[in-house]
Amino acid sequence: MTAPRRSGGPRVAVVTGANRGIGREVVRQLAERGYRVVLGSRDLAKGRSAAARLDPGGERVTAVQLDVSDQESVTAMAEWVTRELGRTDVVVNNAAILYDTWAQARTADLAEVQQALDTNLFGAWRVTQALLPLLERSPHPRVVNVSSEGGSLASMSGGTPAYSVSKASLNALTRLLAGELRGRRILVNSICPGWVATDMGGGGGRPVSEGAAGVVWAATLPDDGPTGGFFRDGKPVPW
């Protein structure tokens, strides 16, 4: 028997890699829109500090320990969300590592590439699979994979091999999930936030709030919104 869809109470969003940068700003914007947000952070102390700054009363934002490269951590997070909140309406797969500007594909350290894939691709895959039973119960389910134009095959020409391959693979996962979940009304999209001034992106980029806004756009799409797309600022990006 299929579990009933949850419609009462605030919508719940789970955001990975959310104790800083784009992830933290996505949490802030979603909380401002009335979402109950689970702030995933590998370091729970840092996550709790970020949550306390965003929501001193603890009514909208709760930090949980979440290392997306660790299946046990992902499972524990999903069990906590199920037990404590009973629903998930939005998953934002934001956690990412290893912007390897120093590397070239022809000489890349494949252990580094594997490490990037384990977080940037398989991390999003693990989290989505773990929360899928709750998403299927939501009346307005959304999955947002935070990608990068660095993963666009149309513009790829060399450099950052671990990061680029992992983000291109994440885009492929978006297409697969969108196709498989279309009949269940789950919208799945990849979002490029653009070059943002974060610890990973470095200085000189656009404000974090602007990069996060595109992610929040995908997280809050109407039911007739797009699925299986790649967007920046609400506009398509070439695959």
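Residues numbered from 1 in each chain as written. Predicted model: local features only at pLDDT ≥ 70, side-chain atom pairs only at ≥ 80, totals over all residues. Heavy atoms only, no water.

Turning next to the overall build of the chain. In terms of regular secondary structure, the chain is built from seven helices and eight strands. For the chain, the C-alpha radius of gyration of 17 Å lies close to 18 Å, the compact-globule estimate for 239 residues. Considered along the principal axes of its C-alpha atoms, the chain spans approximately 50 × 40 × 35 Å. Relative to its full complement of 239 residues, the chain shows a buried share of 51%. In the chain, 72% of the contacts between residues at least 6 apart in sequence involve partners at least 24 apart. Working note: accessible area of the chain is about 11000 Å², and carbon and sulfur atoms make up 51% of it. (Helix = DSSP H or I, 4+ residues; strand = E, 2+ residues; numbered from the N terminus. Rg over C-alpha atoms; globule rule 2.2 N^0.38 Å. Buried < 20%, exposed > 50% of the residue type's maximum accessible area, 1.4 Å probe, protein only. Contact = heavy atoms within 4.5 Å. Areas by Shrake-Rupley, 256 points an atom, 1.4 Å probe, with all protein chains shown as cover.)

Phi angles above zero are rare outside glycine, and Thr 160 is one such case at about 40°. Within the element layout of this structure, Thr 160 appears in the loop between strand 5 (142–146) and helix 6 (161–181). Its relative accessible area of 14% is what places Thr 160 among the buried residues.

What follows concerns the environment of Asn 94. Among the secondary structure elements, Asn 94 is positioned in the loop between strand 4 (90–93) and helix 4 (110–120). The exposure class of Asn 94 is buried, given its relative accessible area of 11%. As a C-alpha pair, Asn 94 and Val 15 span 79 residues in sequence and 6.7 Å in three-dimensional space.

If you walk through the whole model with that rule in mind, you get 10 salt bridges. With a shortest N-O distance of 2.7 Å, Glu 32 and Arg 28 are connected by a salt bridge. Here Glu 32 and its partner Arg 28 are both found in helix 1 (residues 21–32), four residues apart, which amounts to about one turn of the helix. In this structure, Glu 84 engages Arg 83 in a salt bridge whose closest nitrogen and oxygen atoms are separated by 3.4 Å. For Glu 84, a relative accessible area of 47% puts it in the partly exposed group. What makes Arg 83 exposed here is its relative accessible area of 57%. (Salt bridge = Lys/Arg side-chain N within 4 Å of Asp/Glu carboxyl O.)

Bringing the side chain of Thr 119 into the picture now. With respect to the helices, strands and loops of the structure, Thr 119 is situated in helix 4. With sequence-adjacent residues up to four places away left out, Thr 119 is seen in contact with Val 68, Ser 69, Ala 95, Ala 96, Ile 97 and Ala 124.

What follows covers the packing of aromatic side chains. Per the stated rule, a full pass over the model turns up four aromatic pairs. Aromatic side chains Tyr 99 and Tyr 163 sit 5.0 Å apart centroid to centroid with 80° between the ring planes, which places their arrangement in the edge-to-face category. Here Tyr 99, found in the loop between strand 4 and helix 4, pairs with Tyr 163, found in helix 6; they are 64 residues apart in sequence, far enough to count as distant. Note on Tyr 99: relative accessible area 38%, which makes it partly exposed. A relative accessible area of 9% means that Tyr 163 is categorised as buried. Between the aromatic rings of Trp 217 and Phe 231, the centroid separation amounts to 5.1 Å while the plane-to-plane angle is 70°, which identifies the pairing as edge-to-face. Here Phe 231 lies in strand 7 (residues 230–232) and Trp 217 lies in helix 7 (residues 208–219), a separation of 14 residues in the sequence. (Phe/Tyr/Trp six-rings, centres within 6.5 Å; stacked < 30°, edge-to-face > 60°.)

By size, the foremost hydrophobic cluster in this structure holds 34 residues, and its most contacted members are Val 38, Met 77, Val 81, Val 127, Leu 131 and Val 188. Every element with two or more residues in this core is listed here: strand 1 (12–15), helix 3 (71–84), helix 4, helix 5 (122–135) and helix 6. Broken down by element, the residue count for this core peaks at six residues, all from helix 6. Excluding residues within four positions of it along the chain, Val 127 makes contact with Thr 16, Val 68, Val 74, Met 77, Val 91 and Asn 93. Membership of the second largest hydrophobic core comes to 27 residues, among which are Tyr 35, Ala 50, Ala 51 and Val 61. (Core = buried A, V, L, I, M, F, W, Y, C linked by side-chain atoms within 4.5 Å.)

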